[in-house]
Amino acid sequence: MPYFYCHLHGPGGFERDEIGLKFSGLDAVALDVCRAILDISADLARSGYDPMPYAFEIVDAGGALLMDVPFREMLNKAPRNGRYRPPVSQAGQRAEMLRATLLKAAVSESIDRLGETIRMSRQIVARSRASAADDPWGAPPRQAALAS
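Please read all numbers here as calculations on a predicted model, not as lab measurements.

A. Fine view of the nonpolar core. Ranked by internal contacts, the top residues of the largest apolar core, which has 16 residues, are Val-29, Val-33, Ile-37, Phe-56, Ile-58, Val-69 and Phe-71. Elements with a minimum of two residues in this core: strand S1 (3-10), helix H1 (26-46), strand S4 (55-60) and helix H2 (71-77). If you tally residues by element for this core, the top one is H1, at five residues. If we skip the residues at most four places from it in the chain, Val-33 touches Cys-6, Phe-56, Ile-58 and Val-69.

Listed below in structure tokens is the structure:
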């Protein structure tokens, strides 16, 4: 997996990412940056700073600029409830659809197993009631014993 570096630009200058992180591709880095922007913006706002003039610059291991992500762009897209879901690539959409299909199948299987368990439980209760009525010891049914 390739390394990507996310440098931060702000009113106070340029903060270089010297460590970098491995990501599967630019989409994965962009999603991580989007999440980071929301977290950093909240911290800046709590500290009394305006997050709008900040931006991330995503570069590859060779220093080539791959993407510039202004905080302003991200924050203006965020819905008013504070939750932002960054755009998902087509590959990400396919993965989500597959995950949803598998989840639906797992839920259906669990519901089927639960139905079978309920059916078996009802049979056991019915047999228990029938055997209590035919008690060879002549004991009264439980309800009758409790009523007296």
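B. Geometry of the pairing of S4. The buried count for S4 comes to five of six residues, which makes it a mostly enclosed element. Sheet topology note: the S4/strand S5 (residues 65-70) ladder contains five bridges and is antiparallel. Bridge pairing in S5 places Val-59 opposite Leu-65.

C. Region of interest: the pattern of salt bridges. Tallied over the entire structure, the rule returns four salt bridges. In this structure, Asp-43 engages Arg-46 in a salt bridge whose closest nitrogen and oxygen atoms are separated by 2.5 Å. Here the residue Asp-43 and the residue Arg-46 both occupy positions in helix H1, the gap between them amounting to three residues, near one helical turn. Look at Asp-43 and you get partly exposed, because its relative accessible area is 42%. Among the residues examined, Arg-46 registers a relative accessible area of 64% and is labelled exposed.

D. Just the packing of aromatic side chains, in detail. For the coordinates displayed, the defined rule picks out four aromatic pairs. Between Tyr-3 and Tyr-5, the ring centres sit 6.4 Å apart and the planes meet at 25°, which makes this aromatic pair stacked. With 5.8 Å between their ring centres and 35° between their planes, Tyr-54 and Phe-71 make a pair best called tilted. You can see Tyr-54 sitting in the loop between H1 and S4 and its partner Phe-71 sitting in helix H2, a full 17 residues away along the chain.

Parameters and conventions
- Residues numbered from 1 in each chain as written.
- Predicted model: local features only at pLDDT ≥ 70, side-chain atom pairs only at ≥ 80, totals over all residues.
- Heavy atoms only, no water.
- Core = buried A, V, L, I, M, F, W, Y, C linked by side-chain atoms within 4.5 Å.
- Buried < 20%, exposed > 50% of the residue type's maximum accessible area, 1.4 Å probe, protein only.
- Helix = DSSP H or I, 4+ residues; strand = E, 2+ residues; numbered from the N terminus.
- Contact = heavy atoms within 4.5 Å.
- Pairing = 2+ DSSP bridges.
- Salt bridge = Lys/Arg side-chain N within 4 Å of Asp/Glu carboxyl O.
- Phe/Tyr/Trp six-rings, centres within 6.5 Å; stacked < 30°, edge-to-face > 60°.

These figures come from the coordinates and say nothing about function on their own.
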